[in-house]
Amino acid sequence: MERKPVLQVCRACGKAYYPRKARCYCGSTEFEERVLEAKGRIVTFTIIHVPPAGFQPPLKVAIADFGVVKILGRLEEGYEPGLGDQVEALERDGVVFLKPVS
Amino acid sequence: MKRRRIAIVGVGMTRFGKHRDRSLMDLLVEASMEAIRDSRGAEPDSLFVSVMASELYENITGPANTLAGLLGFRDKVVMRVENTSGSGGAAIFAAWTAIASGVVDSALVVGGEKMTHKSTAENAAIIATLVSDYERSTGITLPSYAALMARYYMSKYGIDTEPLAHVAVKNHLHGSMNPKAHFQKRITLEDYYNSRVVAEPLRVMDYTPISDGAAAVMLMELDKALSYTDKPVLITGISGATDTHVVHERSDLLDIMAVRRSTEKALAMAGRNRTDVGLVELHDMATILEIVELESMGFYKPGEGWRAAVEGETRYDGSFPVNTSGGLKSKGHPIGATGVAQAYEIALQLRGLAGERQVREIPDAAMSMSMGGFGNNAYTIVYEPGW
Ligand SMILES: [Zn+2]
């Protein structure tokens, strides 16, 4: 099942995190949850031809910038990524997949 | 309070490479004994051992105590220091601070790793244990983080992989003149482009090999040091700093805060400026990292670091030599040894003992930067001739 990732947002400074942490860089431990609805843009990606055990090559990963947060995620095999592509984030089994917005 | 002055009095190092029939302990002992001999047989008060993952590589816990036993050490302060790929820098920091505090007067720092008996896939899996659970679940590894960094740098500054190839060619040139390097052969730009793509846009020739090896340095309070060497290499500044552990939390992927801040703090402690520094050993696990680290250390402006190797400045005979040992790229990267091996190289260079790859002019100051993970935790050191 896929769902939109839930960010952890610091109540004191507003910084958002994915994955979660125990304490914000500002020192606060007061967080709220917020579903990541925004679309992001791919800022960098790689296609890994020699992935670690348990992953099939070619393995595609990217970092996308959603404004409130940047997230490292996987790309699906059929997707040929480009820098600046608009993507949405969908979490499946604890991993974020970055999917092109058609 | 006046701070104690602390110097390297002796150094030792195994050859880096494939040591088929030798264990981690064999390598740590060889480097230790060479450093003790180079220190005129000095008996240190303490032993600091940097090893990342002997549990996973050789099913050994407590490597520091095993080594102390093999070296015939009793009644000494002995500990292991671990900071993943920056363990060596962290161990020198721990030893330096122990001497600076006055609790001990001398320390043998020994780092090593035995890796080549494991396959490339097994090594990748062991090294991947240092990233966060979430990052690991995506299949990312440190080499593929370097690929993400390289593409971002290339697109931001409008370059292709040619400057990366120049870093590889330069570090192999240096390694070809280092009898202790894993690879002692020069490569050409063609060799670079003919090597297999590992993680686009990076190739085999962008990355450090998997190596076995160990390195050691003997540190001593300066007054005592002068009994054991004519050429003490002072450590006048040393500091550590962290960046985010989860890499995508960084506001700028090309500004490694751990590298920038540890450099600034170490220079401030030494009372030195970057213009005093004429030699640097840094953590080129991948070619792009040499470029980005030189920028994060403040030796080049953002977007300018790629020119250094292209224009020959960072060659051993250039105006600002970087990684004269061959760097991780050509010398090799037996993980726990790497930060200590940087200190080994700088001691050789400042003493004028680096042979064919000797820098043209002994600088007023030199630096090493030893980095754990993908810039998670860096220790940076300023060295100066102490004679
Ligand atoms: Zn906060």
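Bear in mind the structure is a predicted one, so any value in this text is a computation, not a measurement. (Residues numbered from 1 in each chain as written. Chains lettered and ligands numbered in written order. Predicted model: local features only at pLDDT ≥ 70, side-chain atom pairs only at ≥ 80, totals over all residues. Heavy atoms only, no water.)

### Looking at the side chain of S46 of chain B
Residue and element names in this part refer to chain B.
Then, in step 1: Secondary-structure assignment places S46 in strand β2 (residues 46-50).
Then, in step 2: By relative accessible area, which is 0% here, S46 ends up buried.
Then, in step 3: Looking at S46, its side chain comes within polar contact range of the main-chain oxygen of S106, at 2.8 Å.
Then, in step 4: Beyond its immediate sequence surroundings of up to four residues, S46 is in contact with K76, V77, V104, S106, A107 and L108. (Helix = DSSP H or I, 4+ residues; strand = E, 2+ residues; numbered from the N terminus. Buried < 20%, exposed > 50% of the residue type's maximum accessible area, 1.4 Å probe, protein only. Polar contact = N/O pair within 3.5 Å; in protein donor to acceptor, adjacent residues only side chain to side chain. Contact = heavy atoms within 4.5 Å.)

### Re the domain arrangement of chain B
All names here are of chain B.
Then, in step 1: What the domain assignment lists for chain B is domain 1 (6-118 + 211-233) and domain 2 (130-208 + 236-385).
Then, in step 2: On the domain 2 side, the residues contacting the 43 residues of domain 1 number 35 residues.
Then, in step 3: With both sides pooled, the region where domain 1 packs onto domain 2 buries about 3,100 Å², and carbon together with sulfur makes up 68% of that total.
Then, in step 4: By the criterion of area lost to domain 2, the three top residues of domain 1 are F16, S85 and V233, representing 21% of everything that side buries.
Then, in step 5: K180 is paired through a salt bridge with E34; the nearest N and O atoms lie 2.8 Å apart.
Then, in step 6: The interface formed by domain 1 and domain 2 includes 21 residue pairs in polar contact (both at pLDDT 80 or more).
Then, in step 7: Elements with a contribution of two residues or more to the side of domain 1 that touches domain 2: β1 (6-13), α1 (24-38), α4 (87-101), β4 (106-113) and β7 (213-221).
Then, in step 8: A total of seven residues in the side of domain 1 that touches domain 2 trace back to one element, the largest contributor, which is α4. (Domains from an automatic or database assignment. Buried area = accessible area lost by both parts, 1.4 Å probe. Salt bridge = Lys/Arg side-chain N within 4 Å of Asp/Glu carboxyl O.)

### Some details on the sheet that holds strand β3 (residues 16-17) of chain A
Residue and element names in this part refer to chain A.
Then, in step 1: The three strands are arranged β3-β2-β4 in an open sheet whose pairing can be described as antiparallel. Of all strands in the sheet, those bounded by a partner on one side alone are β3 and β4 (31-35).
Then, in step 2: In terms of strand pairing, strand β2 (residues 6-10) meets β3 through two bridges, oriented antiparallel. Residue pairing for β3: Q8 is matched across the bridge by Y17. (Pairing = 2+ DSSP bridges.)

### Regarding unusual backbone geometry
Then, in step 1: Note that the residue after Y18 of chain A, namely P19 of chain A, is joined by a cis bond; omega there is 0 degrees.
Then, in step 2: Looking at where P19 of chain A falls in the secondary structure, it is placed in the loop between β3 and β4.
Then, in step 3: Put simply, P57 of chain A and P58 of chain A share a cis peptide bond, and its omega is -10 degrees.
Then, in step 4: Locating P58 of chain A in the fold gives a position in the loop between β5 (40-48) and β6 (59-65).
Then, in step 5: Despite not being glycine, T84 of chain B shows a phi value in the positive range, around 40 degrees.
Then, in step 6: Its identity as a non-glycine residue notwithstanding, N323 of chain B has a phi of 55 degrees, on the positive side.
Then, in step 7: As for its placement among the helices and strands, N323 of chain B is situated in the loop between α13 (307-310) and α14 (327-331).

### Focus on the sheet that holds β4 of chain B
Residues and elements named next belong to chain B.
Then, in step 1: Reading across the sheet, the nine strands line up as β3-β2-β4-β7-β1-β8-β11-β10-β9 and stay open at both edges, with mixed pairing between neighbours. Strand pairing shows two members of the sheet lacking a second neighbour, β3 (77-81) and β9 (277-281), which therefore form its edges. Each strand of the sheet is rotated relative to its neighbour by a mean of 25 degrees, with strand direction disregarded.
Then, in step 2: Note that β2 and β3 share five bridges and pair parallel. Its bridge partner lying in β3, S46 is registered against V77. (Axes fitted to C-alpha atoms, helices over the stretch in contact; angles between N-to-C directions.)

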